[in-house]
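# Structural features, examined
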Amino acid sequence: DARVTQTPRHKVTEMGQEVTMRCQPILGHNTVFWYRQTMMQGLELLAYFRNRAPLDDSGMPKDRFSAEMPDATLATLKIQPSEPRDSAVYFCASGLVGPEAFFGQGTRLTVV
Amino acid sequence: TQLLEQSPQFLSIQEGENLTVYCNSSSVFSSLQWYRQEPGEGPVLLVTVVTGGEVKKLKRLTFQFGDARKDSSLHITAAQPGDTGLYLCGVIKGGSYIPTFGRGTSLIVHP
């Protein structure tokens with residue numbers, strides 16, 4: 001049963017600490033998305049990769065967020081330093097070039 | 001302004017009732033997706049509609065794409081507690097290949 005795997009599922013950290021979230025996309029998928037979900041804003045795109053190349057990170061605060069794909073089986077989203085306003089659920093999704101996205105279970109981040 | 005407006009925002013009903021939720025836009029889309037997100041999980045794709053006026057059925061769920069491909073509806077017949085969740089519509093914005101989502105309709109079905 002192919003699925004997107006995200007780790008950790010939950011993360012509580014103190015303000016100022018570095019947070020790294022990991023995603024294993026579905027094997028064979030060539031697009032990867034990072035989204036942030038909050039009650040106020042819904043699902044917001046943070047980053048988009050195609051064939052491991054970053055194509056769009058306009059939704060990401062550049063001063064503290066970074067996203068990479070070191071290889072086809074791993075995508076990472078890093079926040080340094082973290083702030084309380086970063087508290088949200090972060091989703092990774094993968095797909096083929098097309099409209100449909102397959103989501104992981106998310107990382108619930110709480111910054112205190 | 002949101003590209004996709006979903007209504008209602010919240011819906012709380014009793015088991016057995018019927019309901020319809022809506023996804024509206026002023027833009028035309030080549031396709032539209034519906035997802036369901038259960039509490040603590042990620043969104044799961046339910047269906048893609050492509051043709052204006054198209055109707056697709058998934059058990060008790062009926063999806064319709066508007067004739068002008070600007071809007072869509074999801075009708076649930078005889079809702080069950082297992083239907084509880086956040087229903088999201090999504091589209092590809094412009095020629096970007098990036099899925100963009102409405103804020104969703106949060107549905108609670110009480111036993």
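Located above this text is the structure these notes cover.
One structure accompanies this document, and this report is about it. (Residues numbered from 1 in each chain as written. Chains lettered and ligands numbered in written order. Predicted model: local features only at pLDDT ≥ 70, side-chain atom pairs only at ≥ 80, totals over all residues. Heavy atoms only, no water.)

## Some thoughts on the overall build of chain A
Put simply, the rule reads: For helices the rule is a DSSP run of H or I covering at least 4 residues; for strands it is a run of E covering at least 2, with both sets numbered from the N terminus onward. Only the C-alpha atoms count toward the radius of gyration. The rule for a globule is 2.2 Å times the residue count to the power 0.38. Contacts were defined at the residue level, with two residues in contact if any of their heavy atoms lie within 4.5 Å. In these tables, accessible area is a Shrake-Rupley quantity obtained with a 1.4 Å probe, and a residue counts as shielded only by the protein chains included in the view. All tallies of charge rest on Lys and Arg as positive and Asp and Glu as negative; His and the ends of each chain are not included. Taken as the charge location is NZ of Lys, CZ of Arg, CG of Asp or CD of Glu.
Within chain A, the regular secondary structure consists of 0 helices and 11 strands. Radius of gyration (C-alpha) of chain A: 13 Å, near the 13 Å computed for a compact globule of 112 residues. Principal-axis analysis of the C-alpha atoms gives chain A an extent of 35 × 30 × 25 Å. Long-range contacts, defined here as pairs at least 24 residues apart, represent 52% of the contacts in chain A between residues at least 6 apart. When the accessible area of chain A is evaluated, it comes to approximately 5,700 Å², of which 51% is carbon and sulfur surface. Charged side chains of chain A number 12 positive and 12 negative; the gap between the two group centres comes to 3 Å.

## Considering the state of the cysteines
Quick note on the threshold: We call a pair of cysteine sulfur atoms a disulfide when they lie within 2.5 Å. Summary of the burial criterion: residues with accessible area below 20% of their type's maximum are buried, those above 50% are exposed, and those between are partly exposed, where the area comes from a 1.4 Å probe applied to protein chains only.
Within this structure, the stated rule accounts for 2 disulfides over all chains. With a sulfur-sulfur separation of 1.9 Å, A:C23 is cross-linked through a disulfide to A:C92. Disulfide A:C23 to A:C92: torsion about the S-S bond roughly -60 degrees, handedness left-handed. Residue A:C23 is found in strand β3 (residues 19-24), and its partner A:C92 is found in strand β9 (residues 88-95); the two are separated by 69 residues along the sequence. By the burial criterion, A:C23 is buried, and A:C92 matches it. There is a disulfide in this structure between B:C23 and B:C89, and the S-S distance comes to 2.0 Å. A torsion of 75 degrees about the S-S bond marks the disulfide between B:C23 and B:C89 as right-handed.

## Here we look at the pattern of salt bridges
Residues and elements named next belong to chain A. Quick note on the threshold: We count a salt bridge whenever a side-chain nitrogen from Lys or Arg sits within 4 Å of a carboxyl oxygen from Asp or Glu.
Per the stated rule, a full pass over the model turns up 8 salt bridges over all chains. A salt bridge links E44 to R36; the shortest N-O distance between them is 3.6 Å. Taking the shortest distance from any N to any O, the salt bridge between K62 and D57 comes out at 3.6 Å. Taking relative accessible area as the criterion, D57 reaches 30% and is therefore assigned partly exposed.

These figures capture arrangement, not role.
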